[in-house]
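Examination of the molecular architecture
Given next are the chains, with one letter for each unit.
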Amino acid sequence: MNCICSQKDFKDALIAASKALPAKAQTPILSGILITAKNNEIEIQATDFSLGIIAKIPAEIENEGAVVVNGKYITEIISKLAGDIVTISTEEGSNLVNFKSEAATFSLYLMDAEDFPKVNRQEFNHSFFIRNNVLKKLIVRSTFASSTDDSRPVFQGCSVTIENNTISFVATNTHRLVVAKAEIEDNIPGENKFIVPAKTLNDLLSIINSTQNDNGVKVEFSDKHIAFTVNNIFITCRLIDGQFPPHEKVIPASCETFAEVDISEFRAAINRVEIISKQTEYNTVHLSFSNEGLELSSDSYETGKVVEHINAAVEGADVEIAFNLKYIQDFLKIFGGNDEVRIGMNDKLSPADFRLTDEEDFIYIVTPVRT
């Protein structure tokens, strides 16, 4: 193999592909990245069997070839090279591949390319396009509510429903639930439901954020797999098996008390209360709603206590309710300073309904802490 490519293109492609590297490889070959040079481009692949990523970049190819090297080391090396151009070469009979840029040359030992499990580009039943900013909003507004509990894999994903030109993401860890909706340009017949790993969606978000062009994301899916194509990067993963619980039953049918609060003011107060609340057993914040506004408080037997009052327009009966502060904080951090949140409540033991006052495409349900 002998080829030349842009250091930046190579680095970006390696960073994208390395998201598919397993934290703990089941076999040594899975810690590797496959680099193939042919047809005036370099193709980079990584996989952990469940997730696979392919990235392609243009290159000048003198001699075609394919090599597998340790994914962690090659990504770190290329990220730190000073030059604009990288030359990749191998010599016949050598077990090394050379990466040269300006005065620096790194040589890495090869892994057996024949053993590498190549990412499978399979046939998919359905496909559609979605704008980058629309998909980013759906991911940001949903994945934060998913579970990290390995014993309940269904809740480690987002339940995606596509019907006609409406797409919705639903995530829950059983203590909180989020529903985020958007419209797509394509019309998909019937109701299509599947569960996508939240980790894959967050990896996709990182890749979308790194691209400067909003050419849209191509989404393809079948009964067992889903794939996303963002410019020169292809991501595919297994869907999560299982039945996602019906989320509609969790959303309160009606609320007796409503409160409207400025998100910036609410977020700042929550961040201050956190100093004390994080010392409590359940990271608890107490919210007291009345015609005088909103009072936030937390009390730690070891540290002390905090009380803060902020403005809030409250309709209905007074309500005192407590939450895990992180669940409120996670919600507040994803929205801008000009937004207002409308909180619907019934009593201190019933789930609360958080929505933005100026849109209908987002619902956040939080179960209170019993105190």
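Here, every reference points to the structure presented above.
Basis of the calculations
- Residues numbered from 1 in each chain as written.
- Predicted model: local features only at pLDDT ≥ 70, side-chain atom pairs only at ≥ 80, totals over all residues.
- Heavy atoms only, no water.
- 1 Å grid on protein atoms, 1.4 Å probe; cavity = no way out; pocket = protein on both sides within 12 Å on 5 of 7 lines; lining within 4 Å.
- Points joined across faces, edges and corners; volume = space filled by probe spheres on them.
- Nonpolar A, V, L, I, M, F, W, Y, C, P; charged D, E, K, R; others polar.
- Helix = DSSP H or I, 4+ residues; strand = E, 2+ residues; numbered from the N terminus.
- Pairing = 2+ DSSP bridges.
- Axes fitted to C-alpha atoms, helices over the stretch in contact; angles between N-to-C directions.
- Contact = heavy atoms within 4.5 Å.
- Buried < 20%, exposed > 50% of the residue type's maximum accessible area, 1.4 Å probe, protein only.

Attention now goes to the layout of surface pockets. In this structure, the largest pocket spans a volume of roughly 580 Å³. Taken together, 24 residues form the lining of the largest pocket, with Asp48, Gln156, Pro197, Lys199 and Thr200 sitting closest to its centre. Class assignment of the residues belonging to the lining of the largest pocket gives a composition of ten nonpolar, eight polar and six charged. Space inside the second largest pocket adds up to approximately 470 Å³. Lining the second largest pocket are 20 residues, and of these Lys8, Asp12, Ser210, Thr211 and Asn232 sit closest to its centre. Ranked by residues supplied to the lining of the second largest pocket, first place goes to helix H1 (residues 7–17) with six residues. A class-by-class count of the residues in the lining of the second largest pocket yields eight nonpolar, seven polar and five charged.

One open sheet accounts for five strands, arranged E5-E1-E7-E8-E9; its pairing is antiparallel. Edge positions in the open sheet fall to strand E5 (60–63) and strand E9 (104–109), since each of these has one partner strand only. Strand-to-strand twist in this sheet, taken as the mean axis angle between neighbours without regard to direction, amounts to 20°. The pairing of strand E1 (residues 2–6) with strand E7 (residues 85–90) spans five bridges and is classified as antiparallel. What sits directly across from Ser6, in E7, is Ile85. Along the sheet, H1 makes contact with E1, E7 and strand E8 (96–101), crossing E1 at roughly 90°. On top of the sheet, helix H2 (residues 71–80) reaches E7, E8 and E9; it is set at about 175° to E9, its chief contact.

This part covers the environment of Thr27. Mapping Thr27 onto the fold places it in the loop between H1 and strand E2 (32–38). Thr27 sits ten residues away from Ala37 along the chain, and the two C-alpha atoms are 25 Å apart.

Positive phi values are uncommon outside glycine, yet Phe49 reaches one of about 80°. Secondary-structure assignment places Phe49 in the loop between strand E3 (41–47) and strand E4 (51–58). For Phe49, a relative accessible area of 45% translates into the label partly exposed. Despite not being glycine, Asn164 has its phi angle at roughly 60°, a positive value. Counting through the fold element by element, Asn164 comes out in strand E11 (residues 157–172). On the basis of relative accessible area, Asn164 is assigned to the partly exposed category, the value being 37%.

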